[in-house]
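# Inside the fold
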Amino acid sequence: MYSSAVPVHLVTHPLVQDALVTLRDARTPLEAFRRTARRISVLLATEALRDVPTREVTVQTPLEQAPGRQVAGDVVVVPVLRAGLGMLDAVLELVPTARVGHLGLRRDETTAVASQYYAKFPRGLADSFVLMIDPMLATGGSAVSGLDRLVEAGARSIRIACIVAAPEGIAVVAARYPDVHIYTPVVDRELNEHKFILPGLGDFGDRLYGTLES
Ligand code: PRP
Ligand code: URA
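Residues numbered from 1 in each chain as written. Chains lettered and ligands numbered in written order. Predicted model: local features only at pLDDT ≥ 70, side-chain atom pairs only at ≥ 80, totals over all residues. Heavy atoms only, no water.

### Some thoughts on the site of ligand 2
Taken together, Arg107, Met136, Ala138, Lys195, Phe196, Ile197, Gly202, Asp203 and Phe204 make up the full set of residues adjacent to ligand 2. Phe204 places a main-chain nitrogen or oxygen 2.8 Å from an oxygen atom of ligand 2. (Near = heavy atom within 4 Å. Polar contact = N/O pair within 3.5 Å; in protein donor to acceptor, adjacent residues only side chain to side chain.)

### A few points about the site of ligand 1
As a structural note, the neighbourhood of ligand 1 is formed by 17 residues, with Arg107, Asp134, Ala138, Thr139 and Ser142 the closest of them. Asp134 is positioned such that a nitrogen or oxygen atom in its side chain is 2.5 Å from an oxygen atom of ligand 1. With respect to ligand 1, the side chain of Ser142 contributes an N or O atom lying 2.5 Å from an oxygen atom. Notes on ligand 1: free accessible area 500 Å², of which the protein chains cover 90%. Those elements giving two or more residues to the shell around ligand 1 turn out to be strand E4 (75-81), strand E6 (102-107), strand E9 (136-137) and helix H4 (141-152). Considering every element that reaches the shell around ligand 1, the biggest residue donor is E6, with three residues. Partitioned by chemical class, the residues of the shell around ligand 1 number seven nonpolar, five polar and five charged. (Areas by Shrake-Rupley, 256 points an atom, 1.4 Å probe, with all protein chains shown as cover. Helix = DSSP H or I, 4+ residues; strand = E, 2+ residues; numbered from the N terminus. Nonpolar A, V, L, I, M, F, W, Y, C, P; charged D, E, K, R; others polar.)

### Some points on the packing of aromatic side chains
For the structure shown, the criterion picks out one aromatic pair. Across the ring face of Tyr117, the terminal group of Arg106 is positioned such that the distance to the ring centre comes to 4.4 Å. Residue placement shows Arg107 over the ring face of Phe196; its charged tip is 5.3 Å from the ring centre. (Phe/Tyr/Trp six-rings, centres within 6.5 Å; stacked < 30°, edge-to-face > 60°. Lys NZ or Arg CZ within 6 Å of the ring centre and 35° of its normal.)

What follows is the structure, given as structure tokens:
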């Protein structure tokens, strides 16, 4: 845990940290960035889904019956567009039955204030295990806006998985949603004057989709 007062889970697994180096590296080309985003997301989501509801089952092996546990209940994954889409396949690989909600949020380039341009959630979120995925938690404006929207839609059990978090963003989320657990490999130093995370990895969406200006 980041601190006992804030439910931030630092995912320190060496494979997560290894992938993070590749994502941070400005020389990493598009294809490797995308592949690595998926790889780190599998590992992060594995942690974020650690307490997913399960039920006991019995399975017939070729030799005899064996007890086991299977994911039970409704898992809903909510990628924050665009960048969160880079983490979605990873989560669906782990929970192929998960339902998917989409949330379109865009930060204004000068003010860094997030505005919503799309939202479509599955019905009946009140009893769902919801995982919101967005690689960057910077000012926390997008995360809080997403959480507001999910809570309005009835969600009660929500976790966030991100790839880089800033202290400012964590503080903003924790102040408004102290029960929402955040899973991240790292909490970086600070935000710059443009509200980009330092040292960070740049603009995740642009690096994922090849829309960098220069
Ligand atoms: C990025 C990122 C987060 C947001 C984080 O999205 O994917 O959603 O910024 O910043 P915040 O914590 O200060 O709100 P962006 O708005 O750049 O859109 P994109 O995913 O379409 O590139
Ligand atoms: N969004 C990004 O993609 N990167 C940042 O550093 C901050 C917000």
